Amino acid sequence: MQLIDRYGRLFGKLSLLDIGAGFVLLCVLVGLFVLPGRSGTSLAQITTAKPIEVDILVLGLSTPTPQDLIPNGSTANFIIRNQPYGQITVKNVQVLPRTVTVSQPDGSVKALPDPRPEMAFSSNLLVTLEGKGQVTNSGPVLGNSAIKVGTPVELEGKAYNFRASVIAVRTS
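All values derive from a computational prediction rather than experimental measurement.

About the thresholds
- Residues numbered from 1 in each chain as written.
- Predicted model: local features only at pLDDT ≥ 70, side-chain atom pairs only at ≥ 80, totals over all residues.
- Heavy atoms only, no water.
- Helix = DSSP H or I, 4+ residues; strand = E, 2+ residues; numbered from the N terminus.
- Buried < 20%, exposed > 50% of the residue type's maximum accessible area, 1.4 Å probe, protein only.
- Patch = residues over 30% accessible without salt bridge, like charges linked within 9 Å, V, L, I, M, F, W, Y side chains within 5 Å.
- Areas by Shrake-Rupley, 256 points an atom, 1.4 Å probe, with all protein chains shown as cover.
- Salt bridge = Lys/Arg side-chain N within 4 Å of Asp/Glu carboxyl O.

**Q** Quick rundown of the environment of Ile80? Include the residues and the values.
**A** Relative to the helices and strands, Ile80 is located in strand E4 (residues 75-80). The class of Ile80 is buried, set by a relative accessible area of 0%. The spatial distance from the C-alpha of Ile80 to the C-alpha of Gln104 is 43 Å, given a sequence separation of 24 residues.

Written out as structure tokens, the structure is:
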């Protein structure tokens with residue numbers, strides 16, 4: 001009996017092309033489930049979601065009552081670098097005071113409330129958000145997007161949609 005016959009079959013039973021295709025398929029499955037990808041984790045590794053808190057700074061939001069617009073404990077759609085993350089919980093909203101710097105006669109500078117009437121409709125907010133994500137070697141990840149200080153984000157609720165910037169990220 002020949003090792004390979006004239007049809008390219010091994011021992012007259014298995015085609016060499018079938019064996020090659022099976023080997024390629026096996027390599028793909030091993031690579032998918034065992035070897036880590038760019039994120040440092042593989043599908044076979046069990047990942048647990050950890051709570052991640054993100055502080056965002058909203059500057060110049062045009063609304064007279066920002067505290068009524070975004071209630072504490074509500075959920076909103078969170079978008080990181082134009083990539084949707086999903087629902088995130090609004091943990092805390094702090095309205096920052098609007099001030100202007102005023103030079104004093106002695107040369108010092110004081111921050112005083114802004115007297116301009118149009119500034120009553122412009123608010124600065126510090127919003128704390130809480131979501132579930134992973135902590136990798138390169139930092140926290142929400143959804144498939146790394147979240148770092150300076151990352152541009154967007155928050156969308158029932159009555160609002162605005163852009164902000166991340167100023168702090170905390171993991172527990």
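**Q** Before we move on, can you summarise a nonpolar patch on the surface with the specific residues and values?
**A** On the surface, Phe23, Val24, Leu25, Leu26, Val28, Leu29, Val30, Leu32, Phe33, Val34 and Leu35 cluster together into a nonpolar patch covering about 1,000 Å² of accessible area. Positionally, Val34 belongs in the loop between helix H1 (16-33) and strand E3 (50-62). What makes Val34 exposed here is its relative accessible area of 54%.

**Q** Kindly report on the pattern of salt bridges, identifying the contributing residues and their values.
**A** Under the defined criterion, the tally for this structure stands at five salt bridges. Note that Asp114 is salt-bridged to Arg116, the shortest N-O span being 2.7 Å. The exposure class of Asp114 is buried, given its relative accessible area of 15%. The residue Glu154 makes a salt bridge to Arg163 at a minimum N-O spacing of 3.8 Å. On the basis of relative accessibility, which here comes to 58%, the residue Arg163 falls in the exposed class. Because the salt bridges share partners, they merge into one network encompassing Glu53, Asp55, Lys91 and Arg170.

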